[in-house]
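Chain by chain, the residues run as shown.
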Amino acid sequence: MWASVTRHFVVAARGIGWGRNSLRRRSDRIGYAARLTAVALAVGALLLAVAVGGLDYRATMTTVHAQAAVGRQVTATLTQDAPILVSLGNRPSTDLVTARWTFAGPHHGLIGAAEGSHAGSTMRIWVDLAGDRIQPPLTVADAEQRGWLAGAVAFAAALAVLSGALWLVEWRLNRARMRRWDSEWRLANPQWTEKAG
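Predicted model only: the values in this text are computed from it and were never measured.

Quick look at the overall build of the protein
Turning to step 1, where the next piece is worked out: Counting secondary structure elements, the protein contains three helices and five strands.
Turning to step 2, where the next piece is worked out: For the protein, the succession of helices and strands along the chain, N to C, is α-α-β-β-β-β-β-α.
Turning to step 3, where the next piece is worked out: With 197 residues in all, the protein has 22% of them scored as buried.
Turning to step 4, where the next piece is worked out: A sequence separation of at least 24 residues applies to 61% of the contacts in the protein between residues at least 6 apart.
Turning to step 5, where the next piece is worked out: For the protein, the exposed surface amounts to about 14300 Å²; the carbon and sulfur share of it is 64%.

With respect to the environment of H65
Turning to step 1, where the next piece is worked out: Relative to the elements of secondary structure, H65 occurs in helix 2 (residues 26-70).
Turning to step 2, where the next piece is worked out: It is 9.0 Å that separates the C-alpha atoms of H65 and P137, two residues lying 72 residues apart in sequence.

Things to note about the nonpolar core
One recurring pattern in soluble globular proteins: nonpolar side chains tend to sit buried together.
Turning to step 1, where the next piece is worked out: Within the largest apolar cluster, eleven residues are counted, these being V74, A76, L78, A82, V97, A99, W101, I111, A113, I125 and V127.
Turning to step 2, where the next piece is worked out: Contributions of two or more residues to this core are made by strand 1 (72-78), strand 2 (94-102), strand 3 (106-114) and strand 4 (122-127).
Turning to step 3, where the next piece is worked out: Excluding its chain neighbours within four sequence positions, the residues that come into contact with L78 are V97, T98, A99, I111, A113, S117, H118, A119, G120, S121 and M123.

Focus: the pairing of strand 4
Turning to step 1, where the next piece is worked out: In this sheet, strand 4 lies alongside strand 1 in antiparallel orientation, the contact comprising six bridges. The partner of T75 across the bridge, within strand 4, is R124.
Turning to step 2, where the next piece is worked out: Sheet analysis places strand 4 next to strand 5 (residues 133-134), joined by two bridges and oriented antiparallel. For V127, the partnering residue across the bridge sits in strand 5 and is R133.
Turning to step 3, where the next piece is worked out: The turn joining strand 4 and strand 5, which pair antiparallel and follow one another in sequence, is formed by five residues; a positive phi near 95° is taken by G131.

Structural notes on the side chain of H107
Turning to step 1, where the next piece is worked out: Residue placement: H107 occurs in strand 3.
Turning to step 2, where the next piece is worked out: Exposure remark for H107: the relative accessible area of 17% places this residue in the buried category.
Turning to step 3, where the next piece is worked out: A polar contact of 3.1 Å, which involves the side chain of H107, links it to the backbone oxygen of F103.
Turning to step 4, where the next piece is worked out: Polar contacts involving the side chain of H107 include one to the main-chain carbonyl oxygen of A130, which spans 3.1 Å.
Turning to step 5, where the next piece is worked out: The residues contacting H107, other than those within four sequence positions of it, are A99, R100, W101, A130, G131 and D132.

The rules we used
- Residues numbered from 1 in each chain as written.
- Predicted model: local features only at pLDDT ≥ 70, side-chain atom pairs only at ≥ 80, totals over all residues.
- Heavy atoms only, no water.
- Helix = DSSP H or I, 4+ residues; strand = E, 2+ residues; numbered from the N terminus.
- Buried < 20%, exposed > 50% of the residue type's maximum accessible area, 1.4 Å probe, protein only.
- Contact = heavy atoms within 4.5 Å.
- Areas by Shrake-Rupley, 256 points an atom, 1.4 Å probe, with all protein chains shown as cover.
- Core = buried A, V, L, I, M, F, W, Y, C linked by side-chain atoms within 4.5 Å.
- Pairing = 2+ DSSP bridges.
- Polar contact = N/O pair within 3.5 Å; in protein donor to acceptor, adjacent residues only side chain to side chain.

Geometric values such as these leave the question of function open.
Next up, the structure:
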């Protein structure tokens, strides 16, 4: 069993450039090492992306809890009709209309209502502890989405940097190979020409 595992390991190692081979150049070994390093760093980048996503999720959840502590949902009553707007497509459009609500005293202000809404219609809005209108708080789903997005962006950025670095290494190695090949060809060509003559 161990002989089979060792044989597979040796075959895999030769496949990625390890082992003795008289035809393998130093630049080939450097290229193989660069690719292996890039793979190892890509795995590290994945772990880093998970950490970044987790940090962003926790930070957003702190905001979710803070907003939930000061936000309340109340019922607002429209005090005017919402205009009917001509919109392209079938999407309902909204417009700002005046409304009133009660929380820590009576309040009034502008809220977004669907077109064609009539005065006296009610809708739910978010207010702070003083009763002033605020934006809806973030939700747990928002925190999860932001965490995934932050992790994905971090991983994509790391892969882009790694790919660029690997491409640069390969480009430099290929230029060195071509220079060496040209040099060796200039040495060999006169000998072949003399033999042919």
